[in-house]
Amino acid sequence: MTREEYSNEILELSDENKQLMLHLPTSFGKSKLAIDIIKRHFSDKILGCNVLIVIPKLVLIDNWKKEMEKWEFPQHINVVFTTYISFPKHAAEFWDMIILDEAHHFTENCENAAESFHYNRVLAMSATIPKEPRWRLRAAFSKLYEYKVSAREAIDNNILPDPKVLLIPMMLDNYNIDQTLV
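These lines cover the structure that appears in this document, whether it is placed above or below. A quick note: this is a predicted structure, and the numbers were derived from the prediction, not measured.

### A closer look at the overall build of the protein
Argument step 1. Counting its secondary structure elements, the protein contains six helices and eight strands.
Argument step 2. Helices (α) and strands (β) of the protein occur, in sequence order from the N terminus, as α-β-α-β-α-β-β-α-β-α-β-α-β-β.
Argument step 3. Overall size of the protein, expressed as C-alpha extent along the three principal axes, is 65 × 35 × 30 Å.
Argument step 4. By sequence separation, contacts in the protein at least 24 residues apart represent 74% of the contacts at least 6 residues apart.
Argument step 5. Here the protein contributes 21 positive and 26 negative side-chain charges, whose respective centroids are spaced 1 Å apart.

Right, dumping it as structure tokens:
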């Protein structure tokens, strides 16, 4: 499959599933897919809508803003950024969409707070989601549909390049903490 075919399949899944978890490799284009899903479902909403983007660290806001500018994010959509630590503070508001970027950071506090949220759609995204955060996500969002593309699959389909592995020979010494190159 091509990147476009994967994107189309994910967009169609977003029509059928209001709660979607994407397991996609690094550099696959998760942010663009999130923006495309927002545009698909909320571009024609006259009064605008509220989107909560949950990130692990505030420094990622700039990355999101660059992506939003690059992919022509609709101006009438109100976006609020928050961290996973501050996620519970936003439970009182209604969210048309909640995006959980780097969803493997979804904590037990987030799971407990999710019960109080009022929302229309949830999109959880990560390259890797270990068992515990995935269980928490499934407990918080009971209708969560999971879609996965492995790094190997993306490489085989020429979406991502083959990784380059560089071998750096080193001598390790059990007594000195310094490492020396050969």
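### Section: the sheet that holds strand 3 (residues 77–83)
Argument step 1. Across the sheet, six strands lie side by side as 3-2-4-5-1-6; this open sheet has parallel pairing. Looking at strand neighbours, the two that pair on one side only are strand 3 and strand 6 (145–148), the edges of this open sheet. Strand-to-strand twist across the sheet, computed as the mean angle between neighbouring axes with direction ignored, equals 20°.
Argument step 2. Sheet topology places strand 2 (residues 49–55) next to strand 3; seven bridges connect them, and they run parallel. Considered in strand 3, the bridge of Ile55 is made with Thr83.

### Points about the nonpolar core
Argument step 1. Within the largest apolar cluster, 35 residues are counted, with the highest numbers of intra-cluster contacts made by Leu22, Val51, Trp64, Ile99 and Leu123.
Argument step 2. Of the residues forming this core, the biggest block, six residues, is contributed by helix 2 (residues 30–42).
Argument step 3. Core analysis: the second largest hydrophobic core is formed by 22 residues, Leu52, Phe87, Leu100 and Ala113 among them.

### Topic: the packing of aromatic side chains
Any aromatic ring pair is given by two values, namely how distant the centres are and how the planes are angled relative to each other.
Argument step 1. Applying the stated rule across the entire model yields five aromatic pairs.
Argument step 2. Their ring planes at 65° and their centres at 6.2 Å tell us that Phe87 and Phe106 sit as a pair that is edge-to-face. With Phe87 in the loop between strand 3 and strand 4 (94–101) and Phe106 in the loop between strand 4 and helix 4 (108–114), this residue pair connects regions lying 19 residues apart in the sequence. Exposure class is identical for Phe87 and Phe106. Each is buried.
Argument step 3. Residues Tyr119 and Phe141 carry aromatic rings whose centres are separated by 5.7 Å and whose planes lie at 80° to one another, so their mutual orientation is edge-to-face. Pair noted here: Tyr119 is in strand 5 (residues 118–126) and Phe141 is in the loop between helix 5 (131–140) and strand 6, with a separation of 22 residues, a long-range link.
Argument step 4. On the basis of relative accessible area, Tyr119 is assigned to the partly exposed category, the value being 23%.
Argument step 5. Cluster of aromatic residues (ring-pair linked, three or more members): Phe87, Phe106, Phe117, Tyr119 and Phe141.
Argument step 6. If you follow Arg3 out to its NZ or CZ, it ends over the ring of Phe28, 5.8 Å from the centre.

Quick notes on the rules
Residues numbered from 1 in each chain as written. Predicted model: local features only at pLDDT ≥ 70, side-chain atom pairs only at ≥ 80, totals over all residues. Heavy atoms only, no water. Helix = DSSP H or I, 4+ residues; strand = E, 2+ residues; numbered from the N terminus. Contact = heavy atoms within 4.5 Å. Lys, Arg positive; Asp, Glu negative; His and termini not counted. Charge placed at Lys NZ, Arg CZ, Asp CG, Glu CD. Pairing = 2+ DSSP bridges. Axes fitted to C-alpha atoms, helices over the stretch in contact; angles between N-to-C directions. Core = buried A, V, L, I, M, F, W, Y, C linked by side-chain atoms within 4.5 Å. Buried < 20%, exposed > 50% of the residue type's maximum accessible area, 1.4 Å probe, protein only. Phe/Tyr/Trp six-rings, centres within 6.5 Å; stacked < 30°, edge-to-face > 60°. Lys NZ or Arg CZ within 6 Å of the ring centre and 35° of its normal.

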